[in-house]
Amino acid sequence: MISETYKRKTITVITAVLCIVVFTILLFYARDPSLFSGKNSGAIVNFDDDFIKFMDVGQGDGAIIYSDGYCAVIDMGEAVAADDVLADLSRLNVKQIDMVIASHYHTDHIGSFNEIAAKYPIKNMIGPELTKYNIAAAHSAKESVLKQGGSFYDGIYGLNFTLGEFEITVLGYYNCYDENDRSLYVMAEIDNVKFLFTGDGETVAEERLLERTKALDCDVLKVAHHGSSSSTGYEFLKYAKPEYAVVSSGEGNSYGHPHIETMKALEKLNAKIYRTDRNGDITFYVDDGEIEIKTEK
């Protein structure tokens, strides 16, 4: 029969071992606060990667900004794109989405929101001011974020925040009846590399933007409205002067996007053009101010 003394010693040893294990786990979490904060860990990409990925969401827009384990999504395509967006987020081992930016509230930009929000908590959302004319999905998106305990911000000029090493600023917003021209213009900058997002803003919005600021120079331009000739006018390009241009459009789409006029205007600037309908996902990695581009196709 085992003596009471032996039992007590055994329990003491086991307790000590358990304490060491718990302390080790707590020390690990303390060294990596991302595991508490919702930052990504154990991702397929390196934790220190900084990149913007333009997702192939068909005839729509969608991009992921990733830095230091933090994740933002700018637009997310139609509802049919939800599985692809969720797969991209899963590869990053995302625990939560730190920021969703809706350039505007057409379904080819926010259509997959409900499915994304059902899988991932969303801490913050930025979008144009909601009006009674916006589709019901836009209002439900805001309500969903607030119910999760997140925050919603109107995308007013000058709104600024950081995401890891990125500084993200709303450069312009023209509040009008036409939903395309209500698109937010957003600059994301890291290591002096600038990405300009334009939603579906057309020439009217571009003119209003230029009345407010001429500081549009960028390294990478997300070409407005899927390459439509109604956007990306001469005056706008004169100030943006992108080295790279990304067109997000669906293969064989019924709109004929991107339009040849826009492509010629970009070629005239000697911009290197990437297209989701031809290249699939397009990822721009940034390291010490240098850009490395990887495409799916």
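None of the values given here were measured: they were computed from a predicted structure.

On to the overall build of the chain, then. Scanning the chain from N- to C-terminus turns up 10 helices and 15 strands. The buried share of the chain, reckoned over its 297 residues, is 51%. Of the accessible surface of the chain, which amounts to about 14500 Å², a share of 52% is contributed by carbon and sulfur atoms.

Before going further, it helps to spend a moment on the side chain of Thr283. Mapped onto the fold, Thr283 is located in strand β14 (residues 282-287). On the basis of relative accessible area, Thr283 is assigned to the buried category, the value being 7%.

Turning to empty space enclosed by the protein, a few remarks are in order. Tallied over the full model, the rule gives 1 cavity of 30 Å³ or more. Of the pockets and cavities examined, the largest cavity occupies roughly 90 Å³. Along the wall of the largest cavity there are 14 residues; nearest its centre are Asp61, Gly62, Ala63, Phe197 and Lys222. Only β2 (62-67) and β3 (70-76) provide two or more residues apiece to the lining of the largest cavity.

With that settled, the discussion passes to the sheet that holds strand β15 (residues 290-295). Here 8 strands make up an open sheet; going across it, the order is β6-β5-β4-β3-β2-β1-β14-β15 and the pairing mixed. At either margin of the open sheet sits one strand with a lone partner, and together these are β6 (151-154) and β15. The sheet shows a mean angle of 15° between the axes of neighbouring strands, taken without regard to direction. Pairing analysis gives 6 bridges linking β2 to β3, with the strands arranged antiparallel. Opposite Gly62, over in β3, you have Met76 as the bridge partner. Here helix α3 (residues 82-91) sits on the sheet and contacts β1 (50-54), β2 and β3; the angle it forms with β3, its principal contact strand, is near 170°.

Judged by pairing direction, the sheet is mixed, and its 7 strands sit side by side in the order β7-β8-β9-β10-β11-β12-β13 without closing on themselves. The open sheet has two edge strands, β7 (160-163) and β13 (272-275), and neither has a second partner. The mean inter-strand angle of the sheet, taken between neighbouring strand axes irrespective of direction, is 20°. Here strand β9 (residues 185-190) runs beside strand β10 (residues 193-197); their pairing, made up of 5 bridges, is antiparallel. Residue Met187 lies in a different strand from β10, and its bridge partner there is Leu196. The strands touched by helix α9 (residues 260-268) within the sheet are β11 (220-222), β12 (244-247) and β13, with β13 carrying the most contacts at an inclination of about 145°.

For the structure shown, the criterion picks out 10 aromatic pairs. Measuring from centroid to centroid gives 5.1 Å for Phe51 and Tyr66, while their planes differ by 15°, and the two rings are stacked. On the criterion of sequence distance, the pair formed by Phe51 in strand β1 and Tyr66 in strand β2 is long-range, its members being 15 residues apart. In this structure Phe51 comes out as buried when scored by relative accessible area, which is 3%.

Detailed reading of the predicted coordinates is not advisable wherever pLDDT falls low. Scored by pLDDT, the chain has a mean of 88; 84% of the residues are at 70 or more. Here residues 19-38 is a poorly scored stretch, pLDDT under 50, and it has 12 contacts once near neighbours within four places are set aside; other chains count.

Between side chains of opposite charge, pairing is possible as soon as their charged atoms come close. Under the definition given, this model contains 9 salt bridges. A salt bridge links Glu179 to Arg182; its shortest N-O distance comes to 3.3 Å. With relative accessibility at 2%, the residue Arg182 sits in the buried group. The residue Asp217 makes a salt bridge to Lys194 at a minimum N-O spacing of 3.7 Å. Pair noted here: Asp217 is in the loop between α7 (203-212) and β11 and Lys194 is in strand β10, with a separation of 23 residues, a long-range link. Look at Asp217 and you get partly exposed, because its relative accessible area is 34%.

In this section: the environment of Ile293. Here Ile293 is to be found in strand β15. Note: C-alpha distance between Ile293 and Phe51 (242 residues apart in sequence) is 9.5 Å. Among all residues touching Ile293, those that are not within four sequence positions of it are Tyr244, Tyr274, Ile282, Thr283 and Phe284.

This part takes up the pairing of β7. The two faces of β7 differ: Phe161 and Leu163 on one face are buried, but Asn160 and Thr162 on the other face are not. Note that β7 and strand β8 (residues 166-172) share 4 bridges and pair antiparallel. Following the sheet pairing, Thr162 is matched in β8 by Glu167. Here β7 hands over to β8 after 2 residues, with Gly164 in that stretch at a positive phi of 60°.

Calculation rules
Residues numbered from 1 in each chain as written. Predicted model: local features only at pLDDT ≥ 70, side-chain atom pairs only at ≥ 80, totals over all residues. Heavy atoms only, no water. Helix = DSSP H or I, 4+ residues; strand = E, 2+ residues; numbered from the N terminus. Buried < 20%, exposed > 50% of the residue type's maximum accessible area, 1.4 Å probe, protein only. Areas by Shrake-Rupley, 256 points an atom, 1.4 Å probe, with all protein chains shown as cover. 1 Å grid on protein atoms, 1.4 Å probe; cavity = no way out; pocket = protein on both sides within 12 Å on 5 of 7 lines; lining within 4 Å. Points joined across faces, edges and corners; volume = space filled by probe spheres on them. Pairing = 2+ DSSP bridges. Axes fitted to C-alpha atoms, helices over the stretch in contact; angles between N-to-C directions. Contact = heavy atoms within 4.5 Å. Phe/Tyr/Trp six-rings, centres within 6.5 Å; stacked < 30°, edge-to-face > 60°. pLDDT = per-residue confidence, 0-100. Salt bridge = Lys/Arg side-chain N within 4 Å of Asp/Glu carboxyl O.

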